[in-house]
Amino acid sequence: YFTGRRSEANTAPVRLVMNTPEHKEVRRTVEELLTSAHESIVIEHAYLADPAVIDILIRRSLDGIRVTIILTEHAHWYHHANMQAVGRLLVGSNAIQVFLFPGIIHGKIMLVDHRRAFVGSANLFPESLDTMGEVNVLIEGGNRRAVWRLKEVLRQDILRCRPLTSPPPMTWVSRWLAWLRL
């Protein structure tokens, strides 16, 4: 039923956000969520390699927004791109917290101000945000129970993580692999 177009149905507390051949909504929604944060942003993703998203996260942390990132420690794909992104985040702002999860993270969760959640298939790399057919669910408003549950999942995952306090070392090979998005 949802085509990705803005309609009255899309103002509901839960709505689908999709990239379809006709409409691309995922990037716009991600950027709107991140720029509208008042207190905090928590992101748990397998892949974080989109330069625009990284820039927004740095800028928001410099604005005083608490930014927490949870990434898989050893991603099958995008590992070097993830580590390059982490380096940019940690150099760009000493207020960003980065945690490396010891296992595989396949879920994609974004929690903003402990009130709004964005969960689905979209990864935080350009092709996923812009061109791939992705489906996410935006949860807002009266869905406190769903948001609380996601918050608890994120809290439990952080307890299993290793905090990263300085940029990971990047050799020329790592930089080259990151450029290839590996």
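Values in this document were obtained by computation on a predicted structure and should not be read as measured data.

Q: Kindly report on the pattern of salt bridges, identifying the contributing residues and their values.
A: Counted under the stated rule, the structure contains 10 salt bridges. Here Arg28 and Glu32 are joined by a salt bridge, their closest N and O atoms 3.5 Å apart. Of this pair, Arg28 and Glu32 both sit in helix α1 (residues 26–36), 4 residues apart, which is roughly one turn of that helix. Owing to a relative accessible area of 37%, Glu32 belongs among the partly exposed residues under this scheme. The closest approach of N and O atoms between Glu152 and Arg155, which form a salt bridge, is 2.9 Å. With Glu152 and Arg155 both in helix α5 (residues 144–160), this residue pair falls 3 residues apart, about one helical turn. Counted as one network, the salt bridges with shared partners bring together Arg27, Glu31, Asp50 and Asp130.

Q: Help me get a handle on α1, residues and values and all.
A: Turning to α1, its buried residues number three or more, namely Val26, Arg27, Thr29, Val30, Leu33 and Leu34. The buried residues of α1 occupy an angular sector of 165° when projected down its axis, which confines them to one face.

Q: Now, about the nonpolar core: what can you tell me, with residues and values included?
A: Counting residues in each nonpolar core, the largest one holds 34 residues, and the members touching the most others are Val30, Leu34, Leu48, Leu57, Ile69 and Met110. The set of elements that each furnish at least two residues to this core consists of α1, β2 (40–45), α2 (51–62), β3 (66–72), α3 (79–92), β4 (97–101) and β5 (109–112). Not counting chain neighbours up to four residues away, the residues in contact with Leu48 comprise Val53, Ile54, Ile69, Leu71, Ala81, Asn82, Ala85, Leu89 and Leu124. In terms of nonpolar packing, the next biggest core, distinct from the first, is built from 13 residues, Ile105, Leu111, Leu154 and Cys161 among them.

Q: Which residues make up the sheet that holds strand β1 (residues 14–18), and what are the values?
A: Strand order across the open sheet formed by 8 strands is β1-β7-β6-β5-β2-β3-β4-β8, with mixed pairing between neighbours. Only two strands of the sheet have a single neighbouring strand rather than two, namely β1 and β8 (162–164). For this sheet, the mean inter-axis angle between neighbouring strands, taken without regard to orientation, is 20°. Strands β2, β3, β4, β5, β6 (116–120), β7 (135–139) and β8 of the sheet are contacted by α5, whose axis makes an angle of about 110° with β5.

Rules used in this analysis
Residues numbered from 1 in each chain as written. Predicted model: local features only at pLDDT ≥ 70, side-chain atom pairs only at ≥ 80, totals over all residues. Heavy atoms only, no water. Salt bridge = Lys/Arg side-chain N within 4 Å of Asp/Glu carboxyl O. Helix = DSSP H or I, 4+ residues; strand = E, 2+ residues; numbered from the N terminus. Buried < 20%, exposed > 50% of the residue type's maximum accessible area, 1.4 Å probe, protein only. Arc of directions from axis to C-beta. Core = buried A, V, L, I, M, F, W, Y, C linked by side-chain atoms within 4.5 Å. Contact = heavy atoms within 4.5 Å. Pairing = 2+ DSSP bridges. Axes fitted to C-alpha atoms, helices over the stretch in contact; angles between N-to-C directions.

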